[in-house]
Amino acid sequence: MRKLNLQGESSNWQSPTRRQRCEPVSYSEETILSKVEEIMDDVQDKLPDQDNKLHQFLKKKINNLEIDKRELVGVFGKTGAGKSTLINTVIGEKNLLPIGRGKACTTVMIKVEANMLNQRYEAEIEFITKEEWIDELWSLKNLLEDSADQEDDQEDDQEDDEEDDEDVDKLLALYGEEWKDKSPENLVDDQYFKEVPEFLQCKRKHLTSESAKELSAKLVKYTRSESNDGEGKEVKRWYWPLVKCVTVRVPNNDLLQHVTLVDLPGNGDRNKSRDKMWKGVVGSCSTVWIVTEMNRAAAEREAWDILESASSLIGNGGECQLIHFICTKSDDTGVWDDRSRDAVRALIFQNNIQAKEEVNKKFRKLREFKKHFSYECLKVFTVSSKEFLKQQHLTPEETEIPRLKAVLQELNDCHSETLNYVSGAHGILSLIQGARSRAGADRNTDVCRELEEKMVQELEKVRQTMQKTYDTFERCLTEGVEKSKSSWDRLLKSVLHPKMKGSAFHKILKCVVQKNGTHKPKNRKQINLNMELTSCLTDSIDEEFKKTFPNEAKRGPFNGIINSFSLETERLMKERQEYKDVELQLIFLKTEEEKMKTILNKTIREQKKMIYNSLMETIEENMLECYREAAEIRGGGSLKNMRSTIENHVRESKDIMFQRAKNVMLEQLENLMVLILGELNTMQESIKQSLNTDGDSIPDVSGQLQMVKNYSDELKKKLKKAPPPMSADPPVPATHS
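Treat the numbers as computed from the prediction; the structure is a model and nothing was measured. (Residues numbered from 1 in each chain as written. Predicted model: local features only at pLDDT ≥ 70, side-chain atom pairs only at ≥ 80, totals over all residues. Heavy atoms only, no water.)

Draft legend 1. Spotlight on the overall build of the protein. Tallying secondary structure elements over the protein gives 25 helices and eleven strands in all. Among the 737 residues that make up the protein, the fraction classed as buried is 54%. Summarising the internal contacts of the protein: among those between residues at least 6 apart in sequence, 82% fall at separations of at least 24. With the model as given, the accessible surface of the protein reaches about 34,400 Å², and the carbon-plus-sulfur share is 46%. (Helix = DSSP H or I, 4+ residues; strand = E, 2+ residues; numbered from the N terminus. Buried < 20%, exposed > 50% of the residue type's maximum accessible area, 1.4 Å probe, protein only. Contact = heavy atoms within 4.5 Å. Areas by Shrake-Rupley, 256 points an atom, 1.4 Å probe, with all protein chains shown as cover.)

Written out as structure tokens, the structure reads:
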């Protein structure tokens, strides 16, 4: 658990009376958290080490107080769109992420978050394993050898060369020209990794600097394919092909307090562990930024391909609530020299309005996206990092960078994990203090019986609602299985027989089978054979899945039945005066109920991603055998043979493959239902422990209880005062003719 060093602040408790005589003090969220953590640590130390059920129950509850969730903001965009510049500008660290020129691009996943431990700029580099790199080397060399054997015409040569260039760039980065005459085993000799012994030792490399600029220079060789910046001028060996992920930590940054920004490269990585991490991070993003250049925002195919291909990963298969389409370089009008400042501002704003209209219009035509999101989730920004820093023609507000800062601030302000911790602590202290008194012992049995009867009723409501959902999914999936069986050949044809010459497609299909069905060709839309084969199944459930497991937190899963679960302890405190003596125990049960629902919603959010993605994962698992077989095909007619291998496999396994995908999803859904009922049932123990025990050897925590209650009330007030969501567009700037 994170602890803050609060200089000059005493950890001694003050009595409520003394505190009330002082002027009101408003504490920051971090200070409140630190103070409450200190209180709970001290209370836990004072609980007797006896073999007593209540004592053990209380210690367990204190240990289970957690605050570890961060909001992830995923940043997508093609090379040159300005992702790194945008991130640097928004968080106020213009020299942090390396910014390349020309061909340079970010090639690995980079997480940017706050450094909560010290005042230095730090980076943690995670590598793929040595075994994974050997497998990748074999794959790269085989692809290049196959490509050399193909006889292509002039046009096809150019397209194949672009694919080959990416593979060659990866080998040249690490080995120069030495890779050509050596086997993959020779290419993992220690001599190539003298600067990164951590790679061979399966450890993470740590970089530390006093400034963002210094750290950026050190990061270049691990994150970018080329660079003219910093150490890039002298770099002889580039290590980005070995990197799985880089985490950069920035000191003193309020916007990153509860938020992690993730600069994401393209998907479909040949390395399995890197691809798995990519999918996991994308699926955990609560907000997604799609970054593209202003001048072709609506027409830029790659940005829209990213949005559409990732829709299932961030929608039903993820937890994304907001899509921000960010058009960069909005100041690039190309007509500055002979116009006044006001004229330039007017032109920029006119272009911004037009771009937003075009993007919104294009967004409404995305068929695949409609299955996962409503139109209300999209916000369009037209930003200029250069103008925000120089302010030659636009005010800071007109660059819309402050609007993106406000997005991150809202994610921080709406973050409730600290409140959950403090509220949970308030409940536990209420139980401890309530257990000291035996005044309400005669009525404990009555309230316990009433709560247990209510518990049975609420559990039955949840069970019935979930069973209806299960029955609906079973019916939809049955229809999806039948449609998949009758449509498999059409689905395969769309991937295996595209409108391009066979010689050009050979290299692409070889990449598809070597990467287990997924590949992103250069300058083309991503190919995902597994997704195509799964499409009838996902189409059958998408609408129902979105209703059952909405990403919007307010709606709640299973038609809100989890959120509406209640023992009505507040009603008992208000309406039943005879239960006044057990009010503190009822306060504990109320906070436990809220905590349990918070944990359950978090669990359901994670499990629903696994459930949805299980359809495609089951199909991919079934297809692995034929992918491996197709990847081994060489020589004349290899394209035809690869196609036949895939088609024959699906034809022979279709009656089993699609049914198995349905069964796996339903099994996982049923497991989730059992888990939910089991978690809700834990309230039985809380009822029993809080109302059927006395307070032998329980310490007096009345002072601590009042303090934590005050902190909890203060946090609730802060959340209520949080600003409303941003308007879709900023005000029109004033201009003069």
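There is more to say after this.
Draft legend 2. Looking closely at the environment of lysine 141. Relative to the helices and strands, lysine 141 is located in helix 5 (residues 130-149). Here lysine 141 falls in the buried class, since its relative accessible area comes to 11%. Separated by 39 residues in the primary sequence, lysine 141 and lysine 180 place their C-alpha atoms 8.7 Å from one another. When sequence neighbours within four positions are dropped, the list of residues in contact with lysine 141 reads Trp179, Lys180, Lys182, Ser183 and Pro184.

Draft legend 3. Spatial organisation of the pairing of strand 3 (residues 121-127). Burial analysis of strand 3 places seven of its seven residues in the buried class, which makes it a mostly covered element. What you see with strand 3 is no split at all: Tyr121, Ala123, Ile125 and Phe127 on one side and Glu122, Glu124 and Glu126 on the other are buried throughout. Pairing of strand 3 with strand 4 (residues 205-209), which is carried by five bridges, proceeds in the antiparallel orientation. Within strand 4, the position partnered with glutamate 124 by the bridge is histidine 206. (Pairing = 2+ DSSP bridges.)

Draft legend 4. View of helix 22 (residues 583-631). Counted at 1.5 Å a residue, the expected span for helix 22 with its 49 residues is 72 Å, and the 69 Å between its end C-alpha atoms agrees. Taking the largest bend as the criterion, helix 22 deviates by roughly 45°, centred on methionine 623. (Expected span 1.5 Å × (residues − 1). Bend = angle between axes of the 7 residues up to and from the residue.)

Draft legend 5. A look at the nonpolar core. Ranked by size, the top nonpolar core spans 102 residues in total, and within it Met40 and Ile676 carry the most contacts. Beyond its immediate stretch of four places on either side in the chain, isoleucine 676 contacts Val462, Met466, Phe558, Ile562, Leu600 and Ile604. (Core = buried A, V, L, I, M, F, W, Y, C linked by side-chain atoms within 4.5 Å.)

Draft legend 6. Inspection of the sheet that holds strand 3 at higher detail. Reading across the sheet, the nine strands line up as 4-3-5-2-6-1-7-8-9 and stay open at both edges, with mixed pairing between neighbours. Whereas interior strands pair on both sides, the edge strands pair on one side only; in this sheet they are strand 4 and strand 9 (378-382). Each adjacent strand pair in this sheet contributes to an overall mean axis angle of 20°, direction not counted. Where strand 7 (residues 285-293) lies against strand 8 (residues 322-328), seven bridges are found, and the strand directions are parallel. Bridging from a neighbouring strand, valine 288 pairs with isoleucine 323 of strand 8. Lying over the sheet, helix 8 (residues 212-223) contacts strand 2 (109-115), strand 3, strand 4 and strand 5 (243-251), oriented at roughly 155° with respect to strand 4. The strands that helix 10 (residues 301-309) touches are strand 1 (71-77), strand 7 and strand 8; relative to strand 7, the one it contacts most, it runs at about 165°. (Axes fitted to C-alpha atoms, helices over the stretch in contact; angles between N-to-C directions.)

Draft legend 7. The packing of helix 3 (residues 53-63) against helix 24 (residues 683-691), seen in detail. Two elements in contact, helix 3 and helix 24, have axes whose closest approach is 10 Å; the angle formed by their N-to-C orientations is 130°. When the axes of helix 3 and helix 24 are compared, the pair comes out oblique. Along this stretch, helix 3 crosses helix 24, giving a crossing that reads as left-handed. Contacts from Lys53, Leu54, Phe57 and Lys61 in helix 3 reach Glu685, Ser686 and Gln689 in helix 24. Within the contact of helix 3 with helix 24, the residues separate by chemical class into two nonpolar, two polar and three charged. (Parallel < 35°, antiparallel > 145°, perpendicular 65-115°, else oblique. Left-handed = near helix turned anticlockwise from the far one by under 90°. Nonpolar A, V, L, I, M, F, W, Y, C, P; charged D, E, K, R; others polar.)

Draft legend 8. Quick peek at the side chain of asparagine 253. Within the element layout of this structure, asparagine 253 appears in the loop between strand 5 and strand 6 (259-263). In this structure the side chain of asparagine 253 is engaged in a polar contact, spanning 2.9 Å, whose partner is the backbone oxygen of isoleucine 91. Setting aside residues no more than four positions away along its own chain, asparagine 253 makes contact with Ile91, Glu93 and Ala114. (Polar contact = N/O pair within 3.5 Å; in protein donor to acceptor, adjacent residues only side chain to side chain.)

Draft legend 9. Up close: the packing of aromatic side chains. Under the defined criterion, the tally for this structure stands at 15 aromatic pairs. Seen from their ring centres, phenylalanine 57 and phenylalanine 588 are 6.1 Å apart, and the 75° between their planes marks the pair as edge-to-face. Of this pair, phenylalanine 57 sits in helix 3 while phenylalanine 588 sits in helix 22, and the two are 531 residues apart along the sequence. Exposure remark for phenylalanine 57: the relative accessible area of 5% places this residue in the buried category. On the basis of relative accessible area, phenylalanine 588 is assigned to the buried category, the value being 0%. Their ring planes at 75° and their centres at 6.2 Å tell us that phenylalanine 127 and phenylalanine 199 sit as a pair that is edge-to-face. Note that phenylalanine 127 is positioned in strand 3 and phenylalanine 199 in helix 7 (residues 197-200), a separation of 72 residues in sequence. We note that phenylalanine 127, like phenylalanine 199, is buried. Through pairs of rings, three or more aromatic residues link up here, namely Phe127, Tyr175, Tyr192, Phe193 and Phe199. Positioned above the aromatic ring of tyrosine 375 is the side chain of arginine 364, whose terminal nitrogen or guanidinium carbon lies 4.4 Å from the ring centre. (Phe/Tyr/Trp six-rings, centres within 6.5 Å; stacked < 30°, edge-to-face > 60°. Lys NZ or Arg CZ within 6 Å of the ring centre and 35° of its normal.)

Everything listed is a geometric property; what it means functionally is a separate question.
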